[in-house]
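Observations on the model geometry
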Amino acid sequence: MKVHEFQAKRVLARFGVPVPRGEVAGSAPEARDAAGRLGVPGVVKAQVHAGGRGKAGGVRKAATPEAAGRAAADLLGSVLVTAQTGPAGRPVRRVLVEEAVGTARELYLALAVDPAREAVVAIASAEGGVDVEASFAGTPERVFKEYAPAGNRLDEAQARKLAAALGLTGGSATQAAGIIMAMAEAMEKTDASLVEINPLAVTGEGGLVALDVRMAFDDNALGRRPEILALRDLDEASPLEAEAARSNLSYVKLDGDIGCMVNGAGLAMATMDLILRAGGRPANFLDVGGGVTEDGVARAFRILAFDPGVRSALVNIFGGIVRCDTVASGVVRAVRETASSLPVVMRLEGTNAEEGRTVLRASGLGFHPAEGMRDAAALAVSLAGAAPARRGGRP
Ligand code: GDP
Ligand code: MN
């Protein structure tokens, strides 16, 4: 899960990283008043879940509160297209108004989880700012990396080594090492997968300030991090992801053609595995979890079937807390209401499985029942292969 710059800055500030004073505004008058309180010159920054804003005009300097208001009026309600948003861009719903910071140098610092090594890697470059990608590609020898010992936090000596590599000395070096340690602590305590400061500004006086912060969080850990989950901005998710999140469903989009509804992450993995072995590819996973209602199932099925790439659906439920007849009723309702012609394989096992099968038969909708998981997956794959290409229905 990604969060906005202003949210990432609040998180890092809690761990002691210096950030500019700032306020979030949703309207031009709010932005003007914020600039008045913060003092000018200020900067007005579009808040979207994508970088590259500086080069795309999403970061404006403002010499007066009125100029901050005008910059906000310009940005709010516009669609910002940056090198990272894709051609469709991102609508700007909020801006961050900050005190401007005079910078002598712009550094780059990031901590990320390296999946191959299963360790945290710290990355530092003295050439931070809006052209950092070019400097990564052009002069990789000037990008410094330190790997944390497996299962451990980056240590103080590594942080100092990176600070020295950035050419910092004295108080600046001490402060940089402290920032790196704070990033490491923040990462651990929030289950972040990425903490990036770019630029980390060195001011004329040699102080360090994080001018831009990006954070991403491990989706699987959000259950135990309610304070991070609360930062989720449903407007930034794709419409289907947002719809799923609003309905408390977990939705994973993939690029195959079989829509899958399951209950539980374990069953999702097993289902994925069986589909791949049968020569097919899942288009998505809708995990309805436990305790889902008929209504929730119906909504899940609509989301699953809306995906334009879906050519067959596989409902693979192992009833425990969730009852198979509830699932069957929900799917029947969604298929009726959307007049969907999608071939649907139903594999119901566990609590009220027989009642569920009765609901399916009684519907007269031509579901494809399956007994074992393997057969169910194979059937869904063959139906997807036989089905004509289609466009999604309305969710
Ligand atoms: P990004 O392009 O989406 O990464 O947005 P940033 O927040 O990094 O802003 C782009 C650039 O604007 C930065 O690299 C800085 O050079 C500049 N910038 C942003 N905030 C300030 C500020 O408070 N003072 C100064 N001098 N420059 C800023
Ligand atoms: Mn940046």
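Here goes a summary of the coordinates provided.

1. Quick look at the overall build of the protein chain
Summing up its helical and strand segments, the protein chain has 13 helices and 18 strands in all. On the principal axes, the C-alpha backbone points of the protein chain span a range of 75 × 50 × 35 Å. Across the 395 residues in the protein chain, those meeting the buried criterion constitute 49%. Expressed as a percentage of contacts within the protein chain between residues at least 6 apart in sequence, the contacts between residues at least 24 apart total 70%. Per element, the accessible surface of the protein chain, about 17,700 Å² overall, is 53% carbon and sulfur. Positive and negative side-chain charges in the protein chain, numbering 45 and 46 respectively, have mean positions lying 3 Å apart.

2. Section: the packing of helix α5 (residues 156-165) against helix α6 (residues 170-190)
The geometry of a pair of packed helices is captured by two quantities: the angle between their axes and the separation between those axes. Contact geometry for α5 and α6: axes closest at 8 Å, N-to-C directions at 130°. As the angle between them shows, α5 and α6 are arranged oblique. In this structure, the crossing between α5 and α6 has a hand that is right-handed. On α6, the residues touching Glu156, Ala159, Arg160, Leu162 and Ala163 of α5 are Ala173, Thr174, Ala176, Ala177, Ile180 and Met181.

3. Regarding the pattern of salt bridges
Going through the model one piece at a time under the given rule, you end up with 28 salt bridges. Between glutamate 337 and arginine 333 there is a salt bridge, with the nearest N and O atoms lying 3.5 Å from each other. Remark: arginine 333 and glutamate 337 occur in helix α11 (residues 324-338); sequence separation between them is 4 residues, near one turn of the helix. Judged by relative accessible area, which is 48%, glutamate 337 ranks as partly exposed. Across the salt bridge formed by arginine 357 and glutamate 354, the nearest N and O atoms sit 3.4 Å from each other. Residue arginine 357 and its partner glutamate 354 are located together in helix α12 (residues 353-363), separated by 3 residues, close to a single helical turn. Classification of glutamate 354 as partly exposed rests on a relative accessible area of 43%. Counted as one network, the salt bridges with shared partners bring together Glu5, Lys9, Lys45, Arg53, Glu98 and Asp212.

4. Notes on the nonpolar core
Counting 43 residues, the largest nonpolar core has Leu12, Ile197 and Met215 as its most contacted members. Elements supplying a minimum of two residues to this core: α1 (5-14), β7 (105-114), β8 (119-125), α5, α6, β10 (192-202), β11 (208-210) and β12 (213-217). For methionine 215, the contacting residues outside a window of four places in its chain are Met1, Lys2, Val3, Ala8, Val11, Leu12, Thr190, Ala192, Leu194 and Val195. Listed in part, the 35 residues of the second largest apolar core include Ala298, Ala305, Ala334 and Phe367.

5. Considering the sheet that holds strand β2 (residues 42-46)
An order of β1-β6-β2-β3 is seen for the 4 strands of this open sheet, with the pairing classed as antiparallel. Looking at strand neighbours, the two that pair on one side only are β1 (22-25) and β3 (59-62), the edges of this open sheet. For this sheet the average axis-to-axis angle between neighbouring strands, irrespective of direction, equals 20°. As paired elements, β2 and strand β6 (residues 95-99) share 5 bridges and run antiparallel to each other. Note that in β6 the partner of alanine 46 across the bridge is valine 95.

6. Details of the site of ligand 1
Residues in contact with ligand 1 amount to 18 residues; listed here are only the nearest, Lys45, Arg53, Gly54, Val101 and Glu106. Glycine 52 has a polar backbone atom sitting 3.2 Å from an oxygen atom of ligand 1. Here an oxygen atom of ligand 1 sits 3.3 Å away from a polar atom, N or O, in the main chain of asparagine 198. Computed on the free molecule, ligand 1 has an accessible area of 560 Å², of which 86% lies beneath the protein chains in the complex. In a pocket analysis with a 2 Å cut-off to the grid points, ligand 1 is assigned to the second largest pocket. If you list the elements that add at least two residues to the shell around ligand 1, you get β2 and β10. Broken down by class, the residue content of the shell around ligand 1 amounts to 7 nonpolar, 6 polar and 5 charged.

7. A word on the coordination of the manganese ion (ligand 2)
Those protein atoms acting as donors to the manganese ion (ligand 2) are Asn198 (O) and Asp212 (OD), and they sit at 2.2 to 2.3 Å. Linking asparagine 198 in strand β10 with aspartate 212 in the loop between β11 and β12, this pair joins segments that are 14 residues apart in sequence. With respect to class, asparagine 198 is no different from aspartate 212; both count as buried.

8. So, the environment of leucine 38
Turning to its location among the elements, leucine 38 is positioned in helix α2 (residues 28-38). Spatially, the C-alpha atoms of leucine 38 and proline 20 are 9.9 Å apart, while their sequence positions differ by 18 residues. Apart from residues lying up to four places away in sequence, leucine 38 is in contact with Arg21, Gly22, Glu23, Val97, Glu98 and Glu99.

9. A closer look at the sheet that holds strand β18 (residues 368-369)
Strand order across the open sheet formed by 6 strands is β13-β15-β14-β16-β17-β18, with mixed pairing between neighbours. Where the open sheet ends on each side, the last strands, each with one partner, are β13 (250-253) and β18. Contacting β14 (258-262), β16 (312-319) and β17 (344-350), α11 runs over the sheet at an angle of about 165° to β17.

10. Notes on the packing of aromatic side chains
A full pass over the atoms with the stated rule returns 1 aromatic pair. With a centroid separation of 5.0 Å and 90° between ring planes, the pair formed by tyrosine 108 and phenylalanine 136 is classed as edge-to-face. Pair noted here: tyrosine 108 is in strand β7 and phenylalanine 136 is in helix α4 (residues 132-138), with a separation of 28 residues, a long-range link. Residue placement shows arginine 117 over the ring face of tyrosine 147; its charged tip is 3.6 Å from the ring centre.

Rules used throughout
Residues numbered from 1 in each chain as written. Chains lettered and ligands numbered in written order. Predicted model: local features only at pLDDT ≥ 70, side-chain atom pairs only at ≥ 80, totals over all residues. Heavy atoms only, no water. Helix = DSSP H or I, 4+ residues; strand = E, 2+ residues; numbered from the N terminus. Buried < 20%, exposed > 50% of the residue type's maximum accessible area, 1.4 Å probe, protein only. Contact = heavy atoms within 4.5 Å. Areas by Shrake-Rupley, 256 points an atom, 1.4 Å probe, with all protein chains shown as cover. Lys, Arg positive; Asp, Glu negative; His and termini not counted. Charge placed at Lys NZ, Arg CZ, Asp CG, Glu CD. Axes fitted to C-alpha atoms, helices over the stretch in contact; angles between N-to-C directions. Parallel < 35°, antiparallel > 145°, perpendicular 65-115°, else oblique. Left-handed = near helix turned anticlockwise from the far one by under 90°. Salt bridge = Lys/Arg side-chain N within 4 Å of Asp/Glu carboxyl O. Core = buried A, V, L, I, M, F, W, Y, C linked by side-chain atoms within 4.5 Å. Pairing = 2+ DSSP bridges. Near = heavy atom within 4 Å. Polar contact = N/O pair within 3.5 Å; in protein donor to acceptor, adjacent residues only side chain to side chain. 1 Å grid on protein atoms, 1.4 Å probe; cavity = no way out; pocket = protein on both sides within 12 Å on 5 of 7 lines; lining within 4 Å. Sits in = over half its atoms within 2 Å of the grid points. Nonpolar A, V, L, I, M, F, W, Y, C, P; charged D, E, K, R; others polar. Donors = N, O, S within 2.8 Å, 3.2 Å for Na, K, Ca; no water. Phe/Tyr/Trp six-rings, centres within 6.5 Å; stacked < 30°, edge-to-face > 60°. Lys NZ or Arg CZ within 6 Å of the ring centre and 35° of its normal.

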